[in-house]
Amino acid sequence: MLVIHCPYCQADRPELEFANAGEAHIVRPDNMAEMTDAEFEKMFFVRQNPKGVNLERWRHIHGCGRFFNAIRHTVSDKFLKVYKAGESRPSDAEIAELMK
Amino acid sequence: MAKANVATRDNPTSGNRLANASVSIESAPPASRISFRATPKGAKDFGKTLDLDLPVKPGQSTSKSTLSALWIGPDEWLIIDTKNPIDKLMPRRENANFCATDISHRNVAFIVSGNGAENTLCASCPRDLSLSAFPVGSASRTIFGKAEVVLLRTGKTSFRLECWRSFSPYVWDLLVDGAHDAHI
Amino acid sequence: MRNFNALNLAREALRGHKGWGQQWRNPEPKKSYDVIIVGAGGHGLGTAYYLAKEHGVKNIAVLEKGWLGGGNTGRNTTIIRSNYLYDESAGLYNHALNLWENLSQELNYNVMFSQRGVMMLAHNVHDVQSAQRHIHANRLNGVDNEWLTPQQAKDYCPPLNISKSSRYPVMGAALQRRGGVARHDAVAWGYARQASAMGVDIIQNCEVTGINRATSGEVTGVETTKGPIGAKQVGIVAAGHTSVLMEMAGVQMPLESYPLQALVSEPVKPVFPCVAMSNAVHAYISQSDKGELVIGAGTDSYLSYSQTGSMHILQHTLDAIIELYPMFNRMKMLRTWGGIVDVTPDRSPILAKTPVKGLYVNCGWGTGGFKATPGSANVFAHTIAKDEPHSINAGFTLERFRNGRLIDEAAAAAVAH
Amino acid sequence: MKPSGQQQFRVPGRGSRIGARSVSFSFDGKAYEALEGDTLASALLANGVHLMGRSFKYHRPRGVLAAGVEESNALMQISRDSARTTPNVRASVQEVYDGLQAQSQNRFPTLNFDIGGINNLLSPFFAAGFYYKTFKWPAAAWDKIYEPFIRRAAGLGQAPAEEDPDRYSNRFAHCDVLIIGGGAAGLMAAKLATRKKQSIIICDENPQFGGWLLSDTDIRIDGKSGPDWAAEAVAELAAMDNVRLLNRTTGIGYFQQNMMVLNQRITEHQSKPAPDETRERMWQVRAGKIIIAQGAIERHMVFPDNDRPGIMQASAAQSFLNKYGVAVGSQIAVYTACDTAYAAAFDLAEEGVNIPIIVEHRTDIADDLLAQANELGIRVITGAVVEGTGGKLRINSVTFAKQNGNDRETIDVDALITSAGWTPSLHLYSQSRGKPQWDEDTQRFLPGESPQECVSIGACNGTDDLADIFAEAAKCTGSRATKHVIEDDVSTMGGLIGATGSSADKGKAFVDFQNDVTAKDIALAVREGMHSIEHVKRYTTNGMATDQGKLSNMHGLAIASKLLKKPIPAVGLTTFRPPYTPTTFGSFVGHSRGNLFDPTRQTPIHAWADENGAEFEPVSQWQRAWYFPRSGEDMHQAVDRECQTVRSVAGVFDASTLGKIEVVGPDAAAFMNIIYTNGWDKLKPGRAKYGIMCREDGFIYDDGVVGKLSNNRFHVTTTTGGAPRVLNHMEDYLQTEFPEMRVWLTSTSEQWATIAVQGPKAREIIEPLVNGADISNEKFPHMSVVECKVCGVAARLFRISFTGELGFEINVPADHGRAVWEAVWARAEPLGACAYGTEAMHVMRAEKGYIIVGQDTDGTVTPYDAGLSWAIAKAKPDFVGKRGLQRPDLMSEGRRQLVGLATKDPSKVLEEGAQIVADPTRPIPMKMIGFVTSSYWSGTLGKSIALALIEDGNNLIGKSLYAPMADEVIEVEVTGTVFYDTKGERLHG
Ligand SMILES: Cc1cc2nc3c(=O)[nH]c(=O)nc-3n(C[C@H](O)[C@H](O)[C@H](O)COP(=O)(O)OP(=O)(O)OC[C@H]3O[C@@H](n4cnc5c(N)ncnc54)[C@H](O)[C@@H]3O)c2cc1C
Ligand SMILES: NC(=O)c1ccc[n+]([C@@H]2O[C@H](COP(=O)([O-])OP(=O)(O)OC[C@H]3O[C@@H](n4cnc5c(N)ncnc54)[C@H](O)[C@@H]3O)[C@@H](O)[C@H]2O)c1
Ligand SMILES: Cc1cc2nc3c(=O)[nH]c(=O)nc-3n(C[C@H](O)[C@H](O)[C@H](O)COP(=O)(O)O)c2cc1C
Ligand SMILES: [Zn+2]
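A brief report on the enclosed structure follows. The written sequence of each chain sets the order in which its residues are numbered from 1. For this description, chains carry letters from A and ligands carry numbers from 1, given in the order in which they are written. Side-chain atom pairs in this predicted model are given and counted only at pLDDT of 80 or more, local residue features only at pLDDT of at least 70, and totals for whole chains, interfaces and linings cover all residues. Only heavy atoms go into the side-chain values, all of them from the structure, while hydrogens and water stay out.

1. Remarks on the site of ligand 1
All names here are of chain C. Being near a molecule or strand, for a residue, comes down to having at least one heavy atom within 4 Å of it. Close contacts around ligand 1 come from 37 residues, with Glu64, Asn72, Thr73, Thr77 and Lys371 the closest. In protein, a polar contact requires one atom able to donate a hydrogen and another able to accept it; more generally it is a pair of N or O atoms within 3.5 Å, and residues adjacent in sequence count only if both atoms are side-chain atoms. For ligand 1, an oxygen atom lies 3.2 Å from a polar atom in the backbone of Gly42. Between ligand 1 and Gly369 there is a distance of 2.9 Å, counted from an oxygen atom to a backbone nitrogen or oxygen. Numbered from the N terminus, helices here are DSSP runs of H or I no shorter than four residues, and strands are runs of E no shorter than two. Those elements that provide at least two residues to the shell around ligand 1 are α2 (42-55), β12 (256-265) and β16 (332-343). By residue number, the principal contributor to the shell around ligand 1 is β12, which donates three residues. We call Asp, Glu, Lys and Arg charged. Ala, Val, Leu, Ile, Met, Phe, Trp, Tyr, Cys and Pro are nonpolar, and the rest, Gly among them, are polar. Residue composition of the shell around ligand 1, grouped by class: 15 nonpolar, 17 polar and five charged.

Quick look at the structure:
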């Protein structure tokens, strides 16, 4: 069971209070209807699935109820950062910094 | 006109109580409850109406007499009044800054108290409920076995635990189970 | 390579087994091969075997970053069945089942395929409807599957709790008698042995770290921890690591890799005669020939490449096992471990050509690809050799995620094991 | 010595763990006496019993090897009664209690005479991997002959046959410091950590804390004996309220982020546990820091015939003597490569046990050891090996020689104790995802860096000297080092790994006792190309038995490494996995059994339905009233009656399980437009509408009726099972895609009890109960909603229908649900109405062609497929699923579409799930074009009805198709989906 820091509750909470919600920063475009099939495929099906740093969403579903983003390493399972939904994706440089 | 007997409120665990040497658990009397969702301004305004500031810090609660306000999320509070009817609590008008929903009957509460109260809960709740991590007045939605609950620490050795009504027999049984080992 | 037979065995027994040679060679890589298979799991080794045997491809290497059979092939609960709903799936898994039935003989290696029957329990009206739908579809596809009443299920599997007062009472079960289990390691070893004998180089401790392509785009070989190796065709059969490898060729996949756990109990005398699975409460169990109860657990909810899993997943699994088989409560867990499963959006595999010329992929088996091993390897070898899919795997393309023609067993309320 | 069977091997004055009280127990039906505090092993040894089990494969006679959890021979079935029976219990761990019953395992008919022993004679055939090479012909014989034979021969003990009546529990705990292992290292760390006012948990798997200090009673710490020092430390810790001491508690698994799982055994040593006492408790501890002080485990010597009963670890013999006051023989030889065995030998010799020889593998021995041996009259031969042993059910001789083969000698013994040195226990460190590092000097793996907040100290860290261990304890707790006087601490350094002498070739030199893996098997595996240690493990099963290689792994590795001519670290360790020792399923499950396995949810009206004879069906976690049989009725008759009563009079139905979500805010309608395929702009307050929701892929996700209460407020309903995921789906879009929308979502599923009243007399039934609303047809037409009072309580009243009849749904606050239901019932019953359940509801909705999401649709059906294109607001610029619906395959011709089916023989009811074909004469595999989703007998229509998803179904209306069943082919005609009141007039009555 992981321990996850909720950026809204500002505290560490047990994983059992959370639900994983898949890859983060997949943008649903305003003009959905105009997407090509390939774009739709990319948005809906294709995933980074990295062995390494993953940007992912969690929902503190049995806590404050908020969705938020996290950076976690998929080999160590360690969280490097959590941040609120809507905050922009940390830059690669910033992520590299966190890795240290 | 035919009228049902609706004077009393009834839930699946009404009247349940149990006590052993370390802990006592009882079903709390019916209460009025609001799920209150609001912008910061909406929350402030409602605090004025209630004459009780809604807590703004995560995990905290405020209370006054029979009324408590629990921080649940950044825009969500659980308002509980153990005495006054719901009509007295509900805001009169709707506006764009808040949403108040009557959930008085959605929840059932248990009062868990005694030296073994924390242990009773820790049989099924993965949270750190020690006094330092979850001091008196702390409030939180969390998980209890396979049920979602809201916990409020009302004293050093007493908690109020709210769950959805259909989960209450399950939660009750879990509490009874936890009470068995509460002295450890 | 020496044949394994009773005579040999007797002779060797009398001279201390000194005469057995290596089951497979452990060669150093050549400069280049016609075909490179990445991943020496059952599917990869099998692919090499069928390429050599059925398609006469001579110059093949299987590259494995660890030890052969050490991926999911070596860590699964070995459930084999073919009673899938979709025509495409039924075709593929039944092809595999047909091959399983003769595999020990074909490989001259006892893979201990034991057709003790796979029983899938129904716990509510919806489960019953879904099971019936499968049974009818299977019959018309020539796949055996039959309905059992709760009592018949209990007769077939005496430890089963069919009490009506159980939290999830058993309302019946679908039984595939031809289903069963096999010795997972032996499958990898048996394929490795025969492939090696036919000249396939199986190179262990050789991790592929890059995929080389010509300026015109087609594959020219791979980079590895043992240096670059050339190849005209490369087949990726790397299960949980497929995304990582395909990324090396610039292809992003519709895959997510999750930790999946399994566990065994201490060994006991025979008590569980079949395989029983329940999707509703999530419990999969059989007993190995050595006596352990082999139990499949669930996946964690997050991506991970760590080959471990969480305590609460184990707990939920055992909760369910004990609900169905209450007498096992005093049995003890001996060992638990994890694997990394690659899951597609429709829970069906991808066995196909890729946008890169000369690059082929066999992946997405998720929690249920062991049963497909011979069939998958067989048609994948065909796909590589002919540069076009076999009719059996024609539907398992990458394109389906673009055009929406999914093979969604899960959505159709089937199960994945 | 005492006569046999009377604890004749008990040594008076020794045994720090045993008391004076005697207890009786039985082994294989024979009664024995023991002393309280004994383990089963020490008690049997005290009675001179060494033969305790049979091995897995060859059924060789075996005695106890160890005094701790590493035991792999002496496994027994322990039973309190027929339900409380446990297989594979280690005799060395099980504490004896009065009345304990133990049975030996894996033998038939008796332990002394086991027919399975024939396997031993056949053992040349049964070398590693033999299964794979044989049993292939004839193919059919595998299932019938070979496999059953293999299965029966293996397996050790018996699984219980009855449900376990015992209680198990769980505790989540948090602490600053968790210490695993209560030996000298762990106890000292705990003592020092308490000074920091931290919360501390310390556990040890044994009944008493003290670890090795309890076995080596010569050690003095500050003048105190080991047991005394440990007892004082425990007393000191027990007096503090920030320390929790857990004995009989094993750290079984190290999980992510410093979660350690502990298994505590509470009653297993008690003669008569209180009936409701917890048997085992699982602790899931999240610790700020974990101090691993697991100690080390002694290795045995690998030489031919090293498995006879009477051969055991030197440390075991020392423990049996010093903890339990038992001499493991009267004529005991020693075979060692480590100093610690001398301490064992000396202790035994001091008690008058004859130690005829110490066969020392090393050549260079400390003078003081030799001197002491000399003093005690013990002969030591150095640079020597044991070449073999004699005896049948117990060792009776040992043959040894110099390593070059000279000076061979055979002497009579009744026991042989061995030590090949100590293996630091890296189990938990390794589970923390730490990578063990090979230490070339000392030839052992040691903990490397710690990826988690943990530190290893003491023997498990390879630290030998008590003074150094205490220094480590100080360092890891951030304390100042304390000063101690340590006397007579024996070094555990040195030893060897691998087989000795020529045993890799000769005889059976066991590496893994339980699984009968010999040095030769390892060699065979390597010869056959198993060059990875993981292959060696799986091919030979070395380390896969119930002790998980605690004794065997290092030996197996060393033998393989030698043959592979590769250094040990290059060959590598196999993976340590939880649990550290086998752990009952019950302990993992804890209380999650029976009604605590999963919540069972019941509606406020459940009790009434129960009292009125309802049968219930499970729907997700809910129990719903399925039908209400009257006396003599079967399900079919009851459902027929219920349907017809509703259609002719009225019926009352408990719809409380429907999910309900309140969607509120100025942008509520805009949000609804995104989530649902329908348009919501035109809906007026007071009106309701059926809505469909898709996921982004365009397949139907859920459906339900939505009432608009005011411009800002919608009352949304969902399917029973769909409620949680629909709310999550909505929150996801609201929070992450449309955060600017001013909308709030609240689940009100359980706030409201929902009572549906349906049928021609529905209005007549409820009208008198309603206050504050005009529910006439004109003022309150079909698809209306109003907030009013029903029976005096605030209610939300809907005019909607899932039966096709005039219908209302009354939502009242749940605590009043039953009272209102009874008031409705009081009016309904006299009018001839009935209570009906979900089955009648299903039949009636199917008669009307209303779909059930999840039954008539699965995750592959679009609203178009389901005949719901009218519910898609095509003009909306966006909604969830709009783009997905436009994908090629979803737009293609001839998709499966929902249609009705009428059987040619109207009395035939199709099976749900039956497949539909166009041509039933085709060979198998036969092309299927669809399947039956719903099928019922319609009493109202006097014929069967069905819904089906059929390829291009809408174009096949009127055509004949076929449902080929196992024993017949049923012909059907494709129809529309509405079977009853096709014009929908009754709704508006
Ligand atoms: C716990 C568990 C239980 C399961 N239960 C069942 C079951 O009951 N029934 C069933 O049918 N299926 C089951 N499965 C699924 C099944 O195990 C897999 O689908 C199947 O074994 C996949 O075989 P494979 O040969 O494709 O993959 P693997 O055996 O995983 O082989 C892939 C190989 O690729 C190698 N590799 C990866 N990256 C590289 C690289 N860069 N370079 C070189 N080599 C690389 C890996 O090391 C690995 O050896 C289960 C899986 C797990 C984890
Ligand atoms: N024969 C000998 O003389 C000998 C042998 C070993 C150690 N020693 C000496 O003993 C001292 C070592 O002390 P130490 O404290 O490091 O080791 P220790 O062996 O004394 O204590 C370790 C304790 O941890 C327990 N343990 C192991 N795994 C556990 C788990 N998973 N859960 C719960 N408990 C578990 C063991 O049963 C034991 O009681 C040193 O002085 C060392 O030289 C001597
Ligand atoms: C079907 C099956 C049966 C197994 N039986 C045993 C067993 O009896 N004893 C054992 O120690 N491990 C057993 N294992 C587990 C392996 O030891 C090992 O954990 C697994 O192959 C994963 O490898 P890893 O733990 O080295 O990562 C079994 C594995 C499988 C797939
Ligand atoms: Zn939160």
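2. Considering the interface of chain C and chain D
Here, residues are in contact when the closest pair of their heavy atoms is within 4.5 Å. Listed as interface residues are 104 residues of chain C and, on the opposing side, 114 residues of chain D. Where chain C abuts chain D, roughly 9500 Å² becomes buried across the two surfaces, and 56% of that area is made up of carbon and sulfur atoms. Two parts placed together each lose some accessible area under a 1.4 Å probe, and adding up what both lose gives the buried area. Looking only at chain C, the three residues that lose the most surface to chain D are C:Leu140, C:Lys269 and C:Arg330, adding up to 10% of its buried area. At the junction of chain C with chain D, the criterion picks out 57 residue pairs in polar contact (both at pLDDT 80 or more). The leading source of residues in the side of chain C that touches chain D is helix α5 (residues 125-140) of chain C, at nine residues. In terms of residue class, the side of chain C that touches chain D is built from 45 nonpolar, 38 polar and 21 charged. Summarising the sheet, β16(C) and strand β32 (residues 583-584) of chain D pair through two bridges and their orientation is antiparallel. Within β32(D), the position partnered with C:Lys332 by the bridge is D:Thr584. Two strands are counted as paired when DSSP detects at least two bridges linking them.

3. Observations concerning helix α22 (residues 817-828) of chain D
Any helix carries an expected span of 1.5 Å times its number of residues minus one. Relative to the 16 Å expected for twelve residues at 1.5 Å per residue, α22(D) spans 16 Å between its end C-alpha atoms, a close match to the ideal helical length. Along α22(D), the residues that are buried comprise D:Gly817, D:Ala819, D:Val820, D:Trp821, D:Ala823, D:Val824, D:Trp825 and D:Ala828. Think of it in three bands: with a 1.4 Å probe and only protein chains considered, a residue is buried below 20% of the maximum accessible area for its type, exposed above 50%, and partly exposed in between.

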